[in-house]
Amino acid sequence: AIGPETLRYQLLQQADRFLMPSQPVADWLGCADRCTVRYNAIDETLFNLPYAPGRVLNVAMISSNIIKKGIEDFVTAARMISAMGQPICFRLIGPQTQDLQRLQPIPPNLHVCDYAPTPTDAIGQADIVVSLSHFAESFGRTVVEAMAAGRPVICYNRGAPPSLVVHSKTGLVIPAGSIPNLVDAVLALDAARLQLAKMSLAARERAREIQAQALV
């Protein structure tokens, strides 16, 4: 496999103009005069999805359920919160995979919900959405979809997601790979129910800004 610097060199040699889905990708390429950032558009129906968290908070991860997407971090956080006795429900939404099977047994507060056919079906099961990839995502579609639906997002400070989430306003950006910080973030949002409503409104506004830029 070629390294990032070799890849960057090859791209700069082979193309005159670049269209990329986020500013971090443009920053990595390092040729602002040849770059145009154009976000990916999302389904408009997400903006109409109701947001009404119940007594038990639903924290969801929507992914392909492979290790590099951070599913082990999610399961570990669920296990730690289960041991504390906190009534928080974790939902892992995505296909059955060998990586997921290797994480058995899962804690009792974690539900594997299988693949959802549409973003609305997936995000409708969540009050909070997390993004825990172990690599630098070039965009983070699920992050924007979640915010469009008014769901606050917890994401690692890695790749494009932290450029989409406004920390402490539309969600929380935490140190990449820190499960204790992930646990603290979930507990903080569960305890701040009035803040969740404000974050929900701010998340929709931020997603609307991103969608407007995507459709220019």
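This text follows the structure it describes.
First things first, this report covers the structure right here in the doc. Given the structure is predicted, the values throughout are model-derived calculations rather than measurements.

### Some details on the layout of surface pockets
Empty pockets left among the atoms are what a rolling probe the size of a water molecule brings to light. As a volume, the largest pocket reaches approximately 430 Å³. Contributing to the lining of the largest pocket are 25 residues, with I62, S63, S64, T142 and E145 lying nearest its centre. Those elements that place two or more of their residues in the lining of the largest pocket are β3 (57-62), α5 (119-123), β6 (128-131) and α6 (141-148). Per-element tally for the lining of the largest pocket: the top contributor is α6, with four residues. A breakdown of the residues in the lining of the largest pocket according to their chemical character gives 13 nonpolar, eight polar and four charged.

### Considering a nonpolar patch on the surface
Together, I2, L7, L11 and W28 give the surface a local cluster of nonpolar side chains, amounting to about 330 Å² of exposed area. Positionally, L11 belongs in helix α1 (residues 4-14). In this structure L11 comes out as partly exposed when scored by relative accessible area, which is 30%.

### Overview of unusual backbone geometry
Omega for the peptide link from Q104 to P105 comes to -5°, which places this bond in the cis form. When you line up the elements, P105 lands in the loop between α4 (98-101) and β5 (110-112). Its identity as a non-glycine residue notwithstanding, N65 has a phi of 60°, on the positive side. A positive phi angle, close to 70°, is found at S168, a residue other than glycine. Mapping S168 onto the fold places it in the loop between α7 (161-164) and β8 (171-174).

### Points about empty space enclosed by the protein
Following the criterion strictly, the structure yields one cavity of 30 Å³ or more and no others. Empty space within the largest cavity amounts to approximately 40 Å³. Every residue lining the largest cavity is listed: S131, L132, S133, F135, E137, Y156, R158 and P161. Grouping the constituent residues of the lining of the largest cavity by class yields four nonpolar, two polar and two charged.

### Considerations on the side chain of E145
Tracing the backbone through its elements, the reader meets E145 in helix α6. No salt bridge forms around the buried E145; measuring N to O, its nearest opposite-charge neighbour R141 is 4.4 Å away. Non-local contacts of E145, meaning those with residues more than four positions away in its chain, are made with I42, L46, P119 and I123.

### Quick word on the pairing of β3
For β3, the tally of buried residues reaches five of six residues, placing the bulk of the element in the interior. In this structure, β3 lies alongside strand β4 (residues 88-93), joined through six bridges in parallel fashion. Residue pairing across strands places A60 opposite R91, the latter belonging to β4. A crossover links β3 with its parallel partner β4, the connecting element being helix α3 (residues 71-84), and its sense is right-handed.

### With respect to the pairing of β6
The alternating pattern of β6 places I128 and V130 and V129 and S131 on opposite faces, both of which are buried. Examined bridge by bridge, β6 and strand β7 (residues 153-156) share three bridges and lie parallel to one another. Each bridged residue has a counterpart across the sheet, and for V129 the counterpart in β7 is V153. Traced from β6 through α6 to β7, the parallel crossover comes out right-handed.

Thresholds, definitions, all that
- Residues numbered from 1 in each chain as written.
- Predicted model: local features only at pLDDT ≥ 70, side-chain atom pairs only at ≥ 80, totals over all residues.
- Heavy atoms only, no water.
- 1 Å grid on protein atoms, 1.4 Å probe; cavity = no way out; pocket = protein on both sides within 12 Å on 5 of 7 lines; lining within 4 Å.
- Points joined across faces, edges and corners; volume = space filled by probe spheres on them.
- Helix = DSSP H or I, 4+ residues; strand = E, 2+ residues; numbered from the N terminus.
- Nonpolar A, V, L, I, M, F, W, Y, C, P; charged D, E, K, R; others polar.
- Patch = residues over 30% accessible without salt bridge, like charges linked within 9 Å, V, L, I, M, F, W, Y side chains within 5 Å.
- Areas by Shrake-Rupley, 256 points an atom, 1.4 Å probe, with all protein chains shown as cover.
- Salt bridge = Lys/Arg side-chain N within 4 Å of Asp/Glu carboxyl O.
- Buried < 20%, exposed > 50% of the residue type's maximum accessible area, 1.4 Å probe, protein only.
- Lys, Arg positive; Asp, Glu negative; His and termini not counted.
- Contact = heavy atoms within 4.5 Å.
- Pairing = 2+ DSSP bridges.
- Right-handed = clockwise from strand over helix to strand, strands pointing away.

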